[in-house]
Protein chains: 2
Amino acid sequence: MLAGPGLFGGLFELGKGYKNPVLVSSMDGVGTKLKLAVALNSYDSVGMDIVNHSVNDILTTGAVPLFFLDYIAMGKLATDKVCDIVNGLSAACQESGCALIGGETAEMPGLYTGEDFDLAGTIVGIVEKDAIISGRDITPGDVLLGLASTGLHTNGYSLARRVLGESREDLDRFEPSLGQTVGQALMAVHRSYLRELQPLLPLVKGLVHITGGGFEGNVPRIMPEGTAARFDTSAWAVSPIFKLLQERGNIDRDEMYRVFNMGIGMVIIAAPDRAAQIVKALPEAKDIGRIIRQNGEQRVMLD
Amino acid sequence: MLAGPGLFGGLFELGKGYKNPVLVSSMDGVGTKLKLAVALNSYDSVGMDIVNHSVNDILTTGAVPLFFLDYIAMGKLATDKVCDIVNGLSAACQESGCALIGGETAEMPGLYTGEDFDLAGTIVGIVEKDAIISGRDITPGDVLLGLASTGLHTNGYSLARRVLGESREDLDRFEPSLGQTVGQALMAVHRSYLRELQPLLPLVKGLVHITGGGFEGNVPRIMPEGTAARFDTSAWAVSPIFKLLQERGNIDRDEMYRVFNMGIGMVIIAAPDRAAQIVKALPEAKDIGRIIRQNGEQRVMLD
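Computed from a predicted structure; not experimentally measured.

Student: Break down the pairing of strand E12 (residues 286-293) of chain A for me, with residues and values.
Tutor: Successive residues of a regular strand alternate their side chains across the two faces of the sheet. Residues and elements named next belong to chain A. Across 4 bridges, the pairing between strand E6 (residues 143-148) and E12 is antiparallel. Bridge pairing links Leu144 to Gly289 in E12. With 5 bridges connecting them, strand E10 (residues 227-231) and E12 associate as antiparallel partners. Bridge assignment links Phe231 to a residue of E12, and that residue is Gly289.

Following this line, the structure appears as C-alpha cells:
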C-alpha cells in the first residue's frame, strides 16, 4: 500500500507473484440494518458488517481480498459516529488481511434527515484465473455443506424492523428465547468465512453466500443447467431469532426462506470425497443436502 | 471482463502486459447535485458525473481506468430512474474505456424519503509503478496550466442550492447572463480530462483535480515542502455561473475559491519546456501561474 498525502484515492502495489491475475470486486451497502445502528447509537458493528459481507461475496469466486474503500454519507457529519464506523471497518479489514485504502465521507444536508446515514463499501480481491470457482463442474451427487450464520447478517432488515419494531424500547427488550435483547440479536455482526474457507478453496466446486433473496435467490446463480439443489432443512437448527421473527410476524415458511438465511450463511458445494475432507478439516460444516439432476424451473428444493 | 451469471461482483482479467502494476482506486459520491437531478427529473447526467469525477481523481496519479462499480440507494426502487442513471454511467464508462463491472441497487425504505436517492461509485485503474505521478519533482519555476471546467462539476451544490434555489421553478428560469436556464448550467456534466491528458502524462510532474475545497483544498496535496503555487486569476475567465453565484449570494472572493473550481477543473504542473510542449499539443491549456519557493503555511496564492 503506497497511499500517502498528495494522492487521491488509494494506491495498491500488486506485486509480481501472479501468473494470470483476475481482479474480483464487489460494491454493496448495509441496507436498513443502519436504522437499528442509529436507534441503538452503535456504529462500529455496521462497519464490520459491510467489510465481512464484501469479503464473503468475492470469496465465492475463490478470491482473497486486497483492499477496501468505504462511502459514508450523513446529513451532518458526526465525527464520533464516523470514527466508530471506521474503527469497525478497520478491525474487520485487519482480520481479513485487507488494506482499508480510502473512501469518501460525504455531508449531504437535505438528503439524510436526523441521524440517518448510509454506508457502502467496495472490495477488490484477486484470484488466479485457473483457480476461479465458477460452479461449472457441479454435478448431481455433489454434497451441500452449510456454515452457520451469526444471525440475519445484512439481509431482511426491512421485514425484521416491521415485525420486531425499531425503537430503542423495542430493541432493548430482553427476549428469553434469544438469551439476549432483540437489538443484540439483530445487530450480530455479519460473519466472515474467509479464515475458515481459504485453505479449503481447492476442494470446492461452488460457494454460495446466502444474502438477499435467501436460498432461492442465491443458490441458482452458480448451478449449471440440468441441476438443482435439494436441501434437507431438518439437518440444521434454525436460529432462535428466525423462529421469533416467523412467530411474531406470522410469516409463512416459504417467505422466511426467501428473505432470510435461516441460520446458514455460506453453502459449500463439493464432490462427496472432497466434502468429507472439508468436514474433517472444518467439523462445523454440516451436510445439508445434495445436488440432484433436474430439468425445469425449480432449482432449489427446501425439504 | 469475465463477469457472468453465477458470480457475485465483477471479475476483471488483468492481463500480462504489466511490469510492476499499481492499482489506483477511488470511491466517491455525487453530493447534493442529486437534489437537482430529482427536481429536474433528469438522471442520466449524474451517472456521467460520478464516472468522470472518478476518472479524473485517479488520473492525477497517472492511472487509467480499468473498471467501475456503482451504488444506487433509493427509498423505493424506481426502475426508470435507475435505468437513466445506469445509461449515464454506461455512456461515461464507454467514453473512458472503463468496464462497468457491477454494483448494487439498494431499496431502503425509511432511509430515503420521497424521490431522494444516493449515488456513489468506485473506480479502479492502473499505473506502472515507475510512471506514478506523485508531485515530488515539482520545483520552483514550474508552470501551472489550467484546463477549463464545464461548471461546478460535482462540488459546491449545497451552497449553490441555497443561493439559486432548488425548486423546479427556480431551475427552469432562463438566465440571460448564462445563455441558458439555471438548471442547465448547474447540471452541466462533470468533464473528464482522460482523453486530453492521457497522451501527455509523461510530460507532467503533477495533476490536481479541483474538487471540494477548491484550489486551497486540493493543490497543496501534491506539492513538496518549501513550494507554493501562485495563481494569476486574471489569466482565465471565470465562468458566468460562478459570477452569478457570487453576485446573488453576496459571497466574498476567498470563499468562492474555497468552495468552487471557478472555471478550472484540472491543474497541470510541468517544467517550463514540458509545459510549452503540452500547450502545443493541447492549446486549450492556459498558463495560469507558477510554482514559487515558499516556506510557511500559505501554499496557494490567488493573485
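Student: An account of the relation of the copies chain A and chain B is requested, with residue identities and associated values reported.
Tutor: Between chain A and chain B, which share one sequence, the superposing operator has a rotation angle of 180° and an axial displacement of 0.0 Å; the RMSD is 0.0 Å. Here the two chains are linked by the operation of a two-fold rotation axis. By residue overlap, the copies meet face to face through one surface: 100% of the interface positions of chain A are interface positions in chain B.

Student: Help me get a handle on the pairing of strand E3 (residues 64-74) of chain A, residues and values and all.
Tutor: Residues and elements named next belong to chain A. In terms of residue burial, E3 counts as a mostly covered element, since 10 of its 11 residues are buried. With 10 bridges joining them, E3 and strand E5 (residues 117-128) adopt antiparallel strand pairing. The residue bridging Ala73 from the neighbouring strand is Asp118, located in E5. Examined bridge by bridge, E3 and strand E4 (residues 99-107) share 8 bridges and lie parallel to one another. Following the sheet pairing, Ala73 is matched in E4 by Ala106. Tracing the backbone out of E3, into helix H3 (residues 79-95) and back to the parallel element E4 gives a crossover that is right-handed.

Student: Please set out the interface of chain A and chain B residue by residue, giving values where relevant.
Tutor: Each side of the interface is counted separately: chain A has 64 residues, and chain B has 64 residues. Remark: the boundary between chain A and chain B carries 2 salt bridges. Between Glu13(B) and Lys129(A) there is a salt bridge, and its shortest N-O distance comes to 3.2 Å. Across the contact surface, chain A and chain B share 14 residue pairs in polar contact (both at pLDDT 80 or more). In terms of residues, the side of chain A that touches chain B owes the most to one element, strand E2 (residues 21-29) of chain A, which gives 9 residues. Residues of the side of chain A that touches chain B, tallied by class, amount to 30 nonpolar, 21 polar and 13 charged.

Student: If you had to explain the nonpolar core to someone new, which residues and values would you point to?
Tutor: Nonpolar side chains in soluble globular proteins tend to end up buried together. If you look at the biggest cluster of nonpolar residues, it comprises 217 residues, and the most contacted ones within it are Phe215(A) and Phe215(B). Among residues more than four places away in sequence, those in contact with Phe215(B) are Ile210(B), Pro220(B), Phe231(B), Trp236(B), Tyr257(B), Asn261(B), Met262(B), Ile264(B), Val267(B), Val300(B) and Leu302(B).

Student: How would you summarise the confidence of the model for chain A if you had to cite specific residues and measurements?
Tutor: When the pLDDT values of chain A are averaged, the result is 92; 97% of them are 70 or greater. In the model, residues 1-8 of chain A has pLDDT below 50 throughout and makes 24 contacts with residues more than four positions away in sequence or in other chains.

Student: Residue-level account of helix H3 (residues 79-95) of chain B, with values.
Tutor: Residue and element names in this part refer to chain B. Compared with the 24 Å implied by 1.5 Å per residue over 17 residues, the 24 Å span of H3 between its first and last C-alpha is a close match. For H3, the full list of buried residues reads Lys81, Val82, Ile85, Gly88, Leu89, Ala92 and Cys93. All buried residues of H3 lie within an arc of 130° about the axis, which places them on one face of the element. For H3, exposure combined with an orientation more than 90 degrees from the buried face picks out Thr79, Asp80, Gln94 and Glu95. Looking at the buried residues of H3, the elements they touch are helix H2 (44-59), strand E3 (64-74), strand E4 (99-107) and strand E5 (117-128).

Calculation rules
- Residues numbered from 1 in each chain as written.
- Chains lettered and ligands numbered in written order.
- Predicted model: local features only at pLDDT ≥ 70, side-chain atom pairs only at ≥ 80, totals over all residues.
- Heavy atoms only, no water.
- Pairing = 2+ DSSP bridges.
- Helix = DSSP H or I, 4+ residues; strand = E, 2+ residues; numbered from the N terminus.
- Least-squares fit on C-alpha atoms with pLDDT ≥ 70 in both.
- Contact = heavy atoms within 4.5 Å.
- Buried < 20%, exposed > 50% of the residue type's maximum accessible area, 1.4 Å probe, protein only.
- Right-handed = clockwise from strand over helix to strand, strands pointing away.
- Salt bridge = Lys/Arg side-chain N within 4 Å of Asp/Glu carboxyl O.
- Polar contact = N/O pair within 3.5 Å; in protein donor to acceptor, adjacent residues only side chain to side chain.
- Nonpolar A, V, L, I, M, F, W, Y, C, P; charged D, E, K, R; others polar.
- Core = buried A, V, L, I, M, F, W, Y, C linked by side-chain atoms within 4.5 Å.
- pLDDT = per-residue confidence, 0-100.
- Expected span 1.5 Å × (residues − 1).
- Arc of directions from axis to C-beta.

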